[in-house]
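# Architecture at a glance
Here is how the chains run, residue by residue.
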Amino acid sequence: MRRFFTVGSRTLSYLDFGGPGAPLLVLHGHYNEASAFAPLAEALAPEWRVIALDQRGHGASDRAESYTRDDYVAE
């Protein structure tokens, strides 16, 4: 299920693949998005509840003017 939250003035999205397992937060590389983790989430269920963030400027998250490491970490 796609969900949203706000950090400062930026809205970020994430996919919560659900399930009863322990939460596992996964972060994609620079040229990807949260949906890329669907096969992994399926393979890890039900031991893990995979939560995949669409980082700034990716997937359904807001675009940004800057994409430095510090920007990503701050969010």
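Residues numbered from 1 in each chain as written. Predicted model: local features only at pLDDT ≥ 70, side-chain atom pairs only at ≥ 80, totals over all residues. Heavy atoms only, no water.

## A short note on the overall build of the protein chain
In terms of regular secondary structure, the protein chain is built from two helices and four strands. Listed N to C, the secondary structure of the protein chain is β-β-β-α-β-α in terms of helices and strands. Across the 75 residues of the protein chain, 32% fall into the buried class. The contacts of the protein chain with a sequence gap of at least 6 include a subset with a gap of at least 24, amounting to 60%. The averaged location of the 10 negative side-chain charges in the protein chain is 2 Å from the averaged location of its 7 positive side-chain charges. (Helix = DSSP H or I, 4+ residues; strand = E, 2+ residues; numbered from the N terminus. Buried < 20%, exposed > 50% of the residue type's maximum accessible area, 1.4 Å probe, protein only. Contact = heavy atoms within 4.5 Å. Lys, Arg positive; Asp, Glu negative; His and termini not counted. Charge placed at Lys NZ, Arg CZ, Asp CG, Glu CD.)

## A few points about the packing of aromatic side chains
Taken as a whole, this structure holds two aromatic pairs when the rule is applied. Taken together, a centroid distance of 5.9 Å and an interplanar angle of 55 degrees make the contact between F5 and Y14 tilted. Each ring, one from Y67 and one from Y72, has its centre 6.3 Å from the other, and the planes form 45 degrees; the classification is tilted. (Phe/Tyr/Trp six-rings, centres within 6.5 Å; stacked < 30°, edge-to-face > 60°.)

## Some thoughts on the pairing of strand β4 (residues 48-54)
Working note: regular strand, side chains alternate between the two faces of the sheet. Burial of β4 is extensive: five of the seven residues sit out of reach of the surface. Looking at chain direction, strand β2 (residues 10-16) and β4 are connected through four bridges and run antiparallel. Within the sheet, the bridge partner assigned to D16 lies in β4 and is I51. Bridging between strand β3 (residues 22-27) and β4 involves six bridges; their strand directions are parallel. Bridge pairing in β4 links L24 to V50. After leaving β3, the chain enters helix α1 (residues 38-44) and then returns to the sheet as β4, a path that is right-handed. (Pairing = 2+ DSSP bridges. Right-handed = clockwise from strand over helix to strand, strands pointing away.)

## A closer look at the nonpolar core
Core analysis: the biggest nonpolar cluster contains seven residues, these being L15, V26, A34, F37, A41, V50 and A52. The contacts of A52, once residues within four sequence positions are left out, are Y14, L15, F17, V26, A34 and F37. (Core = buried A, V, L, I, M, F, W, Y, C linked by side-chain atoms within 4.5 Å.)

## Side note on the sheet that holds β4
Read across the sheet, four strands follow the order β1-β2-β4-β3 without closing on themselves; strand pairing throughout is mixed. Bordering the open sheet on either side are β1 (2-7) and β3, each of which pairs with just one other strand. Across the sheet, the axes of successive neighbouring strands diverge by a mean angle of 30 degrees, strand direction being ignored. (Axes fitted to C-alpha atoms, helices over the stretch in contact; angles between N-to-C directions.)

## Let's talk about unusual backbone geometry
Of note, the bond from A45 into P46 is cis; its omega dihedral lies within 30 degrees of zero at 0 degrees. Mapped onto the secondary structure, P46 falls in the loop between α1 and β4.

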